[in-house]
Amino acid sequence: MQRHDAPNTKKLSPEFAARLTSLEPQQKVRVIVLLQVQDAQTSLNKRQSRSERQAAIKAVRESAKQALENIVEIIQNFDGQPLTEHPDLFGSIPLEISVAGVNALAESEAVKAVMEDQSIYPIHLSNSPKINKLE
C-alpha cells in the first residue's frame, strides 16, 4: 500500500486526514461535506417570526444548492456519488467519493469542511475478530 500526501487539514480533522493517508487514492470512502453557505440574516436579540425562519431556511437551502453546483465537477471527476439528492438544512450533503476526491473537495472554496461518515481502520485491524460486549 502506498502512502500519499496528507490532505488539507484545515477542512479535515487531523485524525481523519491521518486515516486517509493510509488508503489508496482511488479507494472510496463515505463523507459528509459541509458546504460554504451564506449566513442567513438572523437577529440574536429577538425571536423570529415564522416567516422570518422560513426565509432563513430558504436562503440557506439556495446557498447550499449553489455551493453544491460549484463542486459537481469535482464529484464527477473523482467518481463520486451524492447519497442524497439535495443538501440538508445545515448545508451538508453525504457523498461516496475516492480519497483523492476528498483531497480535491478540501481544496475547494465551496467547501467549509469534510467529515468522515464511516469508521476507517487499518487493514490489519479490519480482519481481526470482533470483541463481544458484556451484557
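This structure is a prediction, so every number in the text was calculated from the model and none was measured. (Residues numbered from 1 in each chain as written. Predicted model: local features only at pLDDT ≥ 70, side-chain atom pairs only at ≥ 80, totals over all residues. Heavy atoms only, no water.)

**Student:** Where do I start with the overall build of the chain in this structure?
**Tutor:** A count of helices and strands for the chain gives four helices and four strands. Nonlocal contacts in the chain, meaning residues at least 24 apart in sequence, comprise 66% of its contacts between residues at least 6 apart. When the accessible surface of the chain is summed, it comes to about 9,500 Å², and 50% of that surface belongs to carbon and sulfur atoms. (Helix = DSSP H or I, 4+ residues; strand = E, 2+ residues; numbered from the N terminus. Contact = heavy atoms within 4.5 Å. Areas by Shrake-Rupley, 256 points an atom, 1.4 Å probe, with all protein chains shown as cover.)

**Student:** I would appreciate a short explanation of the pattern of salt bridges in the present structure.
**Tutor:** Pairs may arise between side chains of opposite charge once their charged atoms sit close together. Tallied over the full model, the rule gives three salt bridges. Two residues, Arg19 and Glu116, come together in a salt bridge whose shortest N-O distance is 2.2 Å. Within this pair, whereas Arg19 is found in helix H1 (residues 14-21), its partner Glu116 is found in strand E4 (residues 111-116), the two being separated by 97 residues in sequence. Two residues, Arg30 and Asp117, come together in a salt bridge whose shortest N-O distance is 2.9 Å. Of the two residues, Arg30 is situated in strand E1 (residues 28-35) and Asp117 in the loop between E4 and helix H4 (123-126); the sequence distance between them amounts to 87 residues. The class of Arg30 is partly exposed, set by a relative accessible area of 35%. (Salt bridge = Lys/Arg side-chain N within 4 Å of Asp/Glu carboxyl O. Buried < 20%, exposed > 50% of the residue type's maximum accessible area, 1.4 Å probe, protein only.)

**Student:** What exactly am I supposed to notice about the pairing of strand E3 (residues 92-98) here?
**Tutor:** Consecutive residues of a regular strand have side chains that alternate between opposite faces of the sheet. Counting buried positions along E3 yields six of seven residues, so the element is predominantly enclosed. Strand direction decides the pairing type here: E1 and E3, joined by seven bridges, are antiparallel. When the sheet's bridge partners are listed, Arg30 is paired in E3 with Glu96. Across two bridges, strand E2 (residues 81-82) lies against E3 in antiparallel orientation. Bridge pairing links Pro82 to Leu95 in E3. (Pairing = 2+ DSSP bridges.)

**Student:** Mind showing me how you'd approach the sheet that holds E4 here?
**Tutor:** The pairing of strands in a sheet happens through backbone hydrogen bonds and is either parallel or antiparallel. Strand order in the open sheet formed by four strands is E2-E3-E1-E4, with antiparallel pairing between adjacent strands. Strand pairing shows two members of the sheet lacking a second neighbour, E2 and E4, which therefore form its edges. Contacts from helix H2 (residues 50-77) reach E1, E2, E3 and E4 within the one sheet, and its direction differs from that of E1 by about 150 degrees. Contacting E1, E3 and E4, helix H3 (residues 99-107) crosses the sheet at an angle of about 135 degrees to E3. (Axes fitted to C-alpha atoms, helices over the stretch in contact; angles between N-to-C directions.)

**Student:** In this structure, what is going on with the confidence of the model for the chain? I would like to understand it.
**Tutor:** In low-pLDDT regions, the fine details of the predicted coordinates are not to be read closely. Overall, the predicted model of the chain reaches an average pLDDT of 82, with 76% of residues at or above 70. For the stretch residues 131-135, pLDDT sits under 50, and the model shows zero contacts to residues farther than four places along the chain or on other chains. (pLDDT = per-residue confidence, 0-100.)

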